[in-house]
Amino acid sequence: MKLTRSIYLTAHNATSRLCAQRTLISTLAVAAFLAVWELAPRTGAVDATFTSQPSRVIAAGWDIVTSGGFLNDVSVSLAEFAIGFGLAIAIGVPVGLVLGRFPFLRNLLDPPIMAIYATPHLALLPIIVVWLGIGMQSKIAVAFVGGVIPILVNTTAGVRGLERSWIVAARSFCASSWDVFVKVILPGSLPSITLGIRLGLSRAVLGVVVGEMYQSQAGLGNKVMRYGSEFRTDYLLFYVLLISVFGLAATTAVRVFEEKLWTAGK
Amino acid sequence: MDGWKMKPVVLGIASFAVMLLAWESAVRLGWVNPFFVSQPSAVAATLSRTAKSGELEHNLAVSFGEFAVGYGLSIVVGILAGALAARFRTIEYALDPFLWFLYSAPLIAFYPIFVIWFGLGVPTVIALAFLLSFPQIAASTLNGFQNVNPGLIRAARAFGATERDLLWKVALPASVPMVISGLRLGIGRALMGVVVGELFGATAGLGYSISYYGGLLKTTDLIASLAVIVVLGVLSTQGLSALEARFDSWRVND
Amino acid sequence: MDARPELEPAPHIRVESLTVAYEKPHAAEKLIAVSDANLEIARGTFITIVGPSGCGKSSLLLSIAGLVRPATGCVRVNGKPVSGPGRDRAVVFQDFALMPWRSVIANVRFGLELQRLPGLTAEDLTARAHRYVELVGLKGFEHYHPHQLSGGMRQRVGIARALAVDPEILLLDEPFGSLDAQTRDLMGSELIAIWERNKKTALFVTHSIDEAIFLADQVVVMATNPGRITEIISVDLPRPRSVETMDSKRFIEYRQRIRERLS
């Protein structure tokens, strides 16, 4: 907030300088954090059982990865996520498009959809487990529920937000309904759809992880709970970080895709 | 289609009434097994029973207390952090990677760590609620300060504003809409933190309630508590949306 | 006895070899907005600055306001160089720049609050603000907020805010640029009427030739690439001016002249 700068000096003029500065300070901050994390237990200020240390986490990680069951856990979690989220997109986008197109349906279904959106989707875990048991199905279901609502809501918003004039213009060129759909509505609402996908993604990941933590037989979340209850902080942290990294990577991937979409549109 | 432009509240209530009716009928007609979905009539009965016995009140109080402390803390810390980051670029850059991590990573996975630190029960739930909502509020506050309309700052400078003036008379009021927006988003996340925290290791509260009855396969009681959570979620979101709308005119729109 | 020649009164504003340059994003050389401008403005005159987009007219105005630092040269007000905004100059902006959370009366009071003149209580400031709200014709709208007002009304608030601090110099940066044609004409006449009452030194930037001639004692014509002053035309039309003035032969001649200059 450099308010005393001359107003016409836009942020651009210092972009390259600021960018480098930003990366430097951010990196230093993270490095400092890691250093404190590693050294504090050594000085006896903190008990390593509670916080572990980067070195220990890495060691635990190595142990985990090279052991047999790891791949199984990863594939279970990934599968639950992929199927659940895939279904969310496959159903959320078309339904969102339909709701955007037909105001009557939208007005009818809006209240329950908004009610579900306002609820923490993880609260539905127990009832879903009652319905589907503790196997993979319940996690897929939670991932689906978590992901589908944002996708649906944002797709609908995307369709509604389209400039009427675009559609009218297309019609004036004798475009058929299908043409209007493919050439105007779909591309026009794509930014909103990708936004919905990005929002839904984190909810889906959360659904899988917490679902596994709650009741499961396998998966990363399952291990998190197990090691947590055994107070093995280093193993626990490795899994936690692994999950976090996955969530971050997936979100970033969608962001990058979104940006590509924007620049392509220009 | 003018008849459909009824007030959303009326439509919402009508919509729910229809669904409740369909739900009840489906069960009575034998289309659906009430073991899985219960019935509105049974749920209503349970709700009134637990309300009378004080069980509902107790759970509500516990959950609400955890929410209030966790969310309240995140408001204070979040706005402070956001304001400091806006004022001091170094702080912004230093906090940036941590906020980004806290914001995007599935934080609930940290639950077992909190259990190790705070034990099972209320403190862990509060910690979770705090951790989930604080990055949102901090980010929105930071955003609000950084996106003050530069035209307003230029005008204030033209009339001789000092930097303190710019902070108190321009930046602060101008950032209010975004801060409130962050508060609204933070509520959902704090609520989730409370519910999930209780799901796992509490002894009271709404989340605990649904987990407990879920374990006993007592669907009706489960749905009763779940309904309360849904209503709370809707009310709080709508409430803050209304607040947001009231301050919407503070956004510069030319 | 020798008659001492009357010394000409020193100009109120003097612009000396002013050059304003902005750094371009991702580029080495700077963008020269104003190149070597020289200008003398007498006290109490109404000056308009006209030119195409990019000719630097806003930059020139903002340099005088003290909001933009020149690369070379300087601006002097009453002989003293300008180093920043000051109490002697007030600005009216094209985008109105009103605080959306403040009412009309609070917005008008804004500049006064910032000045912190000793001996004035809050009531004094509010009373003063009321006078100016009335002056610009917004009596009754004191407690409205900007989003409830039309564009023309908002700009009136901007003008009232600037006048309320009682500056020596009024600087207006395309103040009517966001308004529709009819409102513009109306606001122009009203502005002149208000100006006639206290005859402050005024600088008015516009891209409308007619507006420039109609309002001004002198028109400063600028060109682009690089931004520079090309001509200063004295407008010799009697005041008060009216719609009919715009049809007069003289007016048409001025318009012709400026149009040629600009093309």
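Since the structure is predicted, the reported quantities are computational estimates derived from the model, not experimental observations.

J.: Would you explain the overall build of chain C in this entry?
T.: When its secondary structure is counted, chain C shows 7 helices and 10 strands. Scaling as 2.2 N^0.38, a compact globule of 263 residues should have a C-alpha radius of gyration of about 18 Å, and chain C matches this with 19 Å. Along the first, second and third principal axes, the C-alpha atoms of chain C reach 60 × 50 × 45 Å. In chain C, which comprises 263 residues, the proportion classed as buried is 51%. Long-range pairs, those at least 24 residues apart, make up 69% of the contacts in chain C between residues at least 6 apart in sequence. Accessible surface, chain C: about 12,600 Å² in total, of which carbon and sulfur atoms supply 50%. If the 33 positive side-chain charges of chain C are averaged to one point and the 32 negative ones to another, these points end up 3 Å apart.

J.: Is there a simple way to explain the pattern of salt bridges in this structure?
T.: Side chains that differ in charge, positive against negative, can pair when their charged atoms come close. One pass over the structure, following the stated rule, counts 30 salt bridges over all chains. We note a salt bridge from Asp217 of chain C to Arg239 of chain C, for which the minimum N-O separation is 2.8 Å. Taken together, the positions of Asp217 of chain C in the loop between helix 6 (209-215) and strand 9 (218-223) and Arg239 of chain C in the loop between strand 10 (228-234) and helix 7 (249-262) put the pair 22 residues apart, joining distant regions of the chain. Assessed through its relative accessible area of 23%, Arg239 of chain C is described here as partly exposed. Ionic contacts of the salt-bridge type, sharing partners, join the residues Lys169 of chain B together with Arg102, Arg109 and Glu113 of chain C into one network.

J.: Would you explain the sheet that holds strand 9 of chain C in this entry?
T.: Strand-to-strand pairing in sheets goes through backbone hydrogen bonds, with the strands running parallel or antiparallel. Residue and element names in this part refer to chain C. With respect to topology, 6 strands assemble into an open sheet ordered 6-7-8-3-9-10, the strand pairing being mixed. This sheet does not close on itself; its edge strands, each paired only once, are strand 6 (89-92) and strand 10. Adjacent strand axes in the sheet meet at a mean angle of 20°, parallel and antiparallel pairs treated alike. The sheet contact formed by strand 3 (residues 46-50) and strand 8 (residues 201-206) spans 5 bridges and is parallel.

J.: Please clarify how the interface of chain B and chain A should be interpreted in this entry.
T.: By a widely used convention, the size of an interface equals the accessible area lost when the partners come together. Residue-level contacts link 61 residues of chain B with 58 residues of chain A. Taken together, the two surfaces of chain B and chain A that pack against each other cover about 5,400 Å², and 78% of this comes from carbon and sulfur. Across the chain B-chain A interface, the total number found is 2 salt bridges. One salt bridge connects Asp96 of chain B with Arg22 of chain A, and the closest N-O pair in it is separated by 3.9 Å. For the interface between chain B and chain A, the tally reads 2 residue pairs in polar contact (both at pLDDT 80 or more).

J.: I keep staring at the side chain of Lys57 of chain C and nothing clicks. Help me out?
T.: Residue and element names in this part refer to chain C. Mapped onto the fold, Lys57 is located in helix 1 (residues 57-65). In terms of polar contacts, Lys57 uses its side chain to reach the backbone carbonyl oxygen of Gly51, at 3.2 Å. Each residue touching Lys57, except ones within four places of it in the same chain, is listed here: Ile49, Val50, Gly51, Pro52, Glu174, Val205, Thr206, His207 and Met222.

Rules of the game
Residues numbered from 1 in each chain as written. Chains lettered and ligands numbered in written order. Predicted model: local features only at pLDDT ≥ 70, side-chain atom pairs only at ≥ 80, totals over all residues. Heavy atoms only, no water. Helix = DSSP H or I, 4+ residues; strand = E, 2+ residues; numbered from the N terminus. Rg over C-alpha atoms; globule rule 2.2 N^0.38 Å. Buried < 20%, exposed > 50% of the residue type's maximum accessible area, 1.4 Å probe, protein only. Contact = heavy atoms within 4.5 Å. Areas by Shrake-Rupley, 256 points an atom, 1.4 Å probe, with all protein chains shown as cover. Lys, Arg positive; Asp, Glu negative; His and termini not counted. Charge placed at Lys NZ, Arg CZ, Asp CG, Glu CD. Salt bridge = Lys/Arg side-chain N within 4 Å of Asp/Glu carboxyl O. Pairing = 2+ DSSP bridges. Axes fitted to C-alpha atoms, helices over the stretch in contact; angles between N-to-C directions. Buried area = accessible area lost by both parts, 1.4 Å probe. Polar contact = N/O pair within 3.5 Å; in protein donor to acceptor, adjacent residues only side chain to side chain.

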